[in-house]
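A structural walkthrough
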Amino acid sequence: MSHILIYPLLIPILTASIALIFFKSRVFQRWINVLGSGLLLGFSAYLLYMVQSDGIQVLQPGNWEAPFGITLVADLFSALLVCVTGLKAFAISIYSLGDMDERRESFGFHPLYQILIFGVNGAFLTGDLFNLYVWFEVMLITSFVLLSLGNRKTQIDGAVKYVVINLLSSLIFLSGVGIMYGITGTLNLAAMAEALQDGENTGLVITASMMFLVSFGIKSAVFPLFFWLPASYHTPPITVTAIFGALLTKVGVYSLVRVFTLLFTQDIGYTHTILLWISVPTMVVGVLGAASQYDVRKILSFHIVSQIGYMIMGLAFFTKIALAGVIYYILHNILAKTNLFLVAGVAQKYVGSYHLSKLGGLYKNYPLLSSLFAISAISLAGLPPLTGFWAKYTVIYAGLEVQEWVVIGFALAVGLMTMFSMTKIWMGAYWSKLPDKAPVASDPGFKPVSGLHRVALLFPVMLIAAFIVGLGIYGEPFFRILFDAADQLLDPSMYIEAVLNP
Amino acid sequence: MEPLLAIVVGVLVAFSVYLMLRKNLVRVVIGVVILSNAVNLLIFTLGRLDRGIPPLIPFTESVPSEVFANPLPQALVLTAIVIGFGLFAFALVLTYRAYTEIGTINVDDMRMAEPPYEGEELPETAVKGEETDS
């Protein structure tokens, strides 16, 4: 029984409540948001330390013994994700100080932001299938509001598509939960995994697993269920896009990994082959979509889809190295992809546009920003020694071990295409001359950001870039944690034991 | 009783799929609501329909005296209904905002977030967005 588990949930909801009490005071809300996110980062780092030193942490709220109560569980995989969520929450809360406009802040951006983090952490920490659904809904309803906050026409249009498809996915998930409850008689993940071990009802279990696959597939934007993502992610302000791109799809991937390592391992030859052949078109279509776009936010949105493909591919290989690679890939993607969104936001504040035809001259005028972009882009494309290289290397190495040559071939080709997209942004926005139609040159009313706003925008980008470089170069201790996490995923008995026989 | 409820669930799902494939956004939203009711009924059915006393334990005893009805699926359904209601309210408001802001509830005509590519032909009723920078 460990009370540290409750803090990653308690801190965001308390922060949100305090921010709501002082709804009228924008300044107070801003600083309570940063303070709460900072505290969250501290506590989630401590949680990771506890899980790493003392093994899987379990909390039974209200002292209801598992499987009767709702359990909170943190194994290394969850703890790593909670920790990186804390880091992102902190970085983006600082970034929002420089980016968010007065109107959105006075309509409650800060409390919503904290409740979103609350939902994400809840989904990572819960050990109960129905509770996972509830966390998903907490996350969804706040993301709906954040997406449509500000009421621009494009935002409303994007939100309509996002809302409808996500409601549908939640309902498919819920019916999957119902079927699993009907088969096993429990909702606790550990008890369910134990009940499934005797191998009865395999056909029905696999049917339910496909419902989970479709539902989490919509949430994590895999082929052919990803169309909502590039249609909506570019519409809200860049702060919101960054936090969505960092966390929401990754919660989908987390849930996929959780159910397909803990529950649905009866017929790996069938279920994981489906996963493998979903991953290939996800990678390819995502990267091709990115190649056809000229708006930086749309390019990056399509790259989210393509990167999800690598994670699903690693899950489909289902070996220790592959799962370690998947976890590394999720963490790397949360860091590098959001950093690219944040950099794009800073560039927009300097030059006034997200469109490559109206961007230019950044390398000449803003060398610091250019180097930050270069670090993140090179990491995303997978060049050594940054995190992206190790993430891709690990997943592909695992593929070579199980001899899936065709899939590996596609993965390598997609890596090359990613490099192409990043070069396109570099050529269009950084090395090219500043075009005449750029707002900074053509619109006398446009002022590039400066002063404290600039510090607030650049500090979080530098912080995350430091993590990308640091984890890439000094990666060995980190890899040890990853291999331990993969061991815990591959051997569910540890998880079951920790929850049911504390 | 189970086969009957199973058929009801199936019919409800069929209705909702039909509605969700319409172009009218209001019908799509109503389709989602019907689907959520179908799922609630599915959970209720999967919790086994057995006749029994309410799951209340008399004051003098510590275990129920007879076979009792399983309360958990009802708790789940109740939670799902509450969540579904909140989301439905939001979806309706969003539909209304879409109508007042964009001026249409035909989902094919909403092209604000994804403006047409060069040379792409749209129906004449489409409300086109422009490439904006903000």
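Here the structure is a predicted model, which means the values were calculated and not measured.

Scoring rules and cut-offs
Residues numbered from 1 in each chain as written. Chains lettered and ligands numbered in written order. Predicted model: local features only at pLDDT ≥ 70, side-chain atom pairs only at ≥ 80, totals over all residues. Heavy atoms only, no water. Helix = DSSP H or I, 4+ residues; strand = E, 2+ residues; numbered from the N terminus. Buried < 20%, exposed > 50% of the residue type's maximum accessible area, 1.4 Å probe, protein only. Contact = heavy atoms within 4.5 Å. Areas by Shrake-Rupley, 256 points an atom, 1.4 Å probe, with all protein chains shown as cover. Lys, Arg positive; Asp, Glu negative; His and termini not counted. Charge placed at Lys NZ, Arg CZ, Asp CG, Glu CD. Expected span 1.5 Å × (residues − 1). Polar contact = N/O pair within 3.5 Å; in protein donor to acceptor, adjacent residues only side chain to side chain. pLDDT = per-residue confidence, 0-100. Buried area = accessible area lost by both parts, 1.4 Å probe. Nonpolar A, V, L, I, M, F, W, Y, C, P; charged D, E, K, R; others polar.

1. Comments concerning the overall build of chain B
From N to C terminus, chain B includes 3 helices and 2 strands. Its helices and strands taken in sequence order, chain B reads α-α-α-β-β from the N to the C terminus. Along the first, second and third principal axes, the C-alpha atoms of chain B reach 75 × 35 × 20 Å. Burial status across chain B gives 31% buried among its 134 residues. For chain B, contacts bridging at least 24 residues in sequence account for 41% of all contacts bridging at least 6. In the structure as shown, chain B presents an accessible area of about 8,500 Å², 65% of it carried by carbon and sulfur atoms. Taken together, the 8 basic and 15 acidic charged side chains of chain B have centroids lying 8 Å from each other.

2. Points about helix H6 (residues 129-148) of chain A
Residues and elements named next belong to chain A. In a regular helix each residue adds 1.5 Å, so 20 residues correspond to 28 Å; H6 covers 29 Å between its end C-alpha atoms and thus fits that length. In terms of burial, H6 is largely enclosed, as 16 of its 20 residues are buried. The N-capping residue of H6, defined by a side-chain oxygen 3.1 Å from the backbone nitrogen of Phe130, is Asp128. Immediately downstream of H6, the backbone of Gly150 shows phi near 115°, a positive value.

3. What to know about the confidence of the model for chain A
Any segment with low pLDDT has predicted coordinates that should not be analysed in fine detail. Looking at chain A as a whole, the pLDDT averages 89, with 100% of positions reaching at least 70. Model confidence for chain A, summarised as mean pLDDT per element, is weakest for helix H19 (residues 439-442) of chain A at 78 and strongest for helix H5 (residues 109-125) of chain A at 93.

4. Digging into the interface of chain B and chain A
The partner chain A presents 43 residues to the 39 residues of chain B that form the contact. The junction of chain B with chain A conceals about 3,500 Å² of combined surface from both sides, 70% of it contributed by carbon and sulfur atoms. There are 2 residue pairs in polar contact (both at pLDDT 80 or more) connecting chain B and chain A. Counting residues per element, the ones that place at least two in the side of chain B that touches chain A are helix H2 (25-46), helix H3 (72-102) and strand S1 (110-111) of chain B. At 14 residues, the largest contribution of residues to the side of chain B that touches chain A is made by H3(B). Its residues placed into classes, the side of chain B that touches chain A shows 25 nonpolar, 7 polar and 7 charged.

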